[in-house]
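# Residue-level structural notes
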Amino acid sequence: MSRILTTIFILFFLFTNQLIAQENIMILKLKDGDVKIELFEDVAPNHVKRIKELADSGQYDNVVFHRVIDGFMAQTGDVKFGNSDSGDFDLRRAGMGGSDLPDLKQEFSSVPHDRGTLSMARSSDPDSANSQFFICFKPAPFLDRQYTVFGKVLEGMEFVDKIKRGDESNNGSVSNPDKIISFKSQ
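Since this is a predicted model, take the numbers as computed values, not measurements. (Residues numbered from 1 in each chain as written. Predicted model: local features only at pLDDT ≥ 70, side-chain atom pairs only at ≥ 80, totals over all residues. Heavy atoms only, no water.)

## Regarding the pairing of strand β1 (residues 25-30)
How we decide: The buried label goes to any residue with under 20% of its type's maximum accessible area, the exposed label to any with over 50%, and the partly exposed label to all in between, with areas taken from a 1.4 Å probe on protein chains only. Only runs of H or I of at least four residues qualify as helices and only runs of E of at least two qualify as strands under DSSP, and these elements are numbered from the N terminus. The pairing criterion is simple: DSSP has to find at least two bridges between the two strands.
Burial within β1 is extensive, with five of its six residues counted as buried. Here β1 pairs with strand β2 (residues 33-39) via six bridges, running antiparallel. Looking at β2, one finds that I27 is bridged to K36. Between β1 and the antiparallel strand that follows it, β2, lie two residues. Summarising the sheet, β1 and strand β8 (residues 182-185) pair through four bridges and their orientation is antiparallel. Within the sheet, the bridge partner assigned to L28 lies in β8 and is F183.

Right under this line is the structure:
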């Protein structure tokens, strides 16, 4: 009898872990293909909650990659001024807006900014992250413990690598930028 209970417990544990893992998988659709992303709920629970809330309500759909620096990162997520389908869209102001939700307190961790890492953009105030985020093209250890890492690309980094780069002499500003087609939970 105890073997049966142990087996049931193990199966329940494995099934529950699989469901939790699936809840933290997102698909970022780009012009060149789908990017599978794992969110780190255990590392940055409030940031993951925010990303899921904005993504699953469609607020990231059609948002441009307004700042893309070759060899560094691609930044997006300005749901106020960066949504190319919105009446508020203003490419000159993209990167200055966020959502209508309050800013988040930092959740810095020891997770490194490696290639494929997703991290929250913010102002000089560590507690100013809102909706904008970036994806690292290469390791950026100088950002470690300074920005909140909330996820990592599992598959499709080759599509992230194809995002249109910005003007190096203008801090990576992109004219006619690529955009997020959609960003949703799997």
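We are not done yet, so read on.
## Some points on the pattern of salt bridges
Two side chains with opposite charge may pair up if their charged atoms get near one another. The criterion, for reference: Whenever Lys or Arg places a side-chain nitrogen within 4 Å of a carboxyl oxygen from Asp or Glu, that contact is recorded as a salt bridge.
All chains considered together, the criterion is met by seven salt bridges. Here K31 makes a salt bridge to D178, at a shortest N to O gap of 3.1 Å. Of this pair, K31 sits in the loop between β1 and β2 while D178 sits in the loop between α3 (157-160) and β8; the two residues are 147 residues apart in sequence, bridging distant segments of the chain. Looking at D178, the relative accessible area reads 13%, which means it is buried. Linked through salt bridges whose partners overlap, the residues forming this network are K31, D32 and D178.

## Let's talk about the nonpolar core
The following threshold applies: What makes a nonpolar core is a set of buried Ala, Val, Leu, Ile, Met, Phe, Trp, Tyr and Cys residues whose side-chain atoms join them at distances within 4.5 Å. Two residues form a contact once any of their heavy atoms are found within 4.5 Å.
I37, Y60, F133, F150 and F183 are the most contacted members of the largest nonpolar core, which has 33 residues in total. Elements with a minimum of two residues in this core: β1, β2, α2 (45-56), β5 (117-120), β6 (133-136), β7 (149-155) and α3. In terms of residue count, the dominant contributor to this core is α2 (four residues). I37 has contacts with N24, I25, M26, L28, L118, K152, V153, L154 and F183, leaving out every residue within four places of it along the chain.

## Some details on α2
Basically, it comes down to this: One less than the number of residues in a helix, times 1.5 Å, gives the span that helix is expected to have.
Taking 1.5 Å per residue as the helical rise, α2 with its twelve residues ought to reach 16 Å, and the 16 Å between its terminal C-alpha atoms agrees with that figure. Of all the residues in α2, the buried ones are H47, V48, R50, I51, K52, L54 and A55. G58 occupies a position one or two residues after α2 and carries a positive phi of about 80 degrees.

## Quick look at unusual backbone geometry
Residues apart from glycine generally show negative phi values, whereas peptide bonds are mostly found in trans. Positive phi values are uncommon outside glycine, yet R145 reaches one of about 60 degrees. Inspection of the secondary structure puts R145 in the loop between β6 and β7. Look at R145 and you get exposed, because its relative accessible area is 52%. At N176, a position not held by glycine, the phi torsion is positive, near 50 degrees.

## Here's the deal with the pairing of β2
Within a regular strand, the side chains alternate between the two sheet faces. Pairing between β2 and β7: four bridges, direction antiparallel. Its bridge partner being in β7, L39 is matched across the sheet by G151.

## Overview of the packing of aromatic side chains
Test applied: Pairing of aromatic rings covers Phe, Tyr and Trp, the last counted by its six-membered ring, and requires centre-to-centre distances within 6.5 Å; plane angles under 30 degrees mean stacked, over 60 mean edge-to-face, and any other angle means tilted. Criterion for a charge above a ring: Lys NZ or Arg CZ within 6 Å of the ring centre, and within 35 degrees of the ring normal.
Counted according to the given criterion, the structure contains six aromatic pairs. Centroid distance Y60 to F133: 5.4 Å. Interplanar angle 90 degrees. Geometry classified as edge-to-face. Placement of the pair is Y60 in the loop between α2 and β3 (67-69) and F133 in strand β6, with a sequence separation of 73 residues. For the pair formed by Y60 and F133, the shared burial category is buried. Note on F133 and F150: the rings are 5.9 Å apart at their centroids and 90 degrees apart in plane angle, and the pair reads as edge-to-face. Of this pair, F133 sits in strand β6 while F150 sits in strand β7, and the two are 17 residues apart along the sequence. Across the pair, F150 and F133 agree in class, each one buried. For R122, the ring lying beneath its charged end belongs to Y147, and the centroid distance is 4.2 Å.

By themselves these figures say nothing about function.
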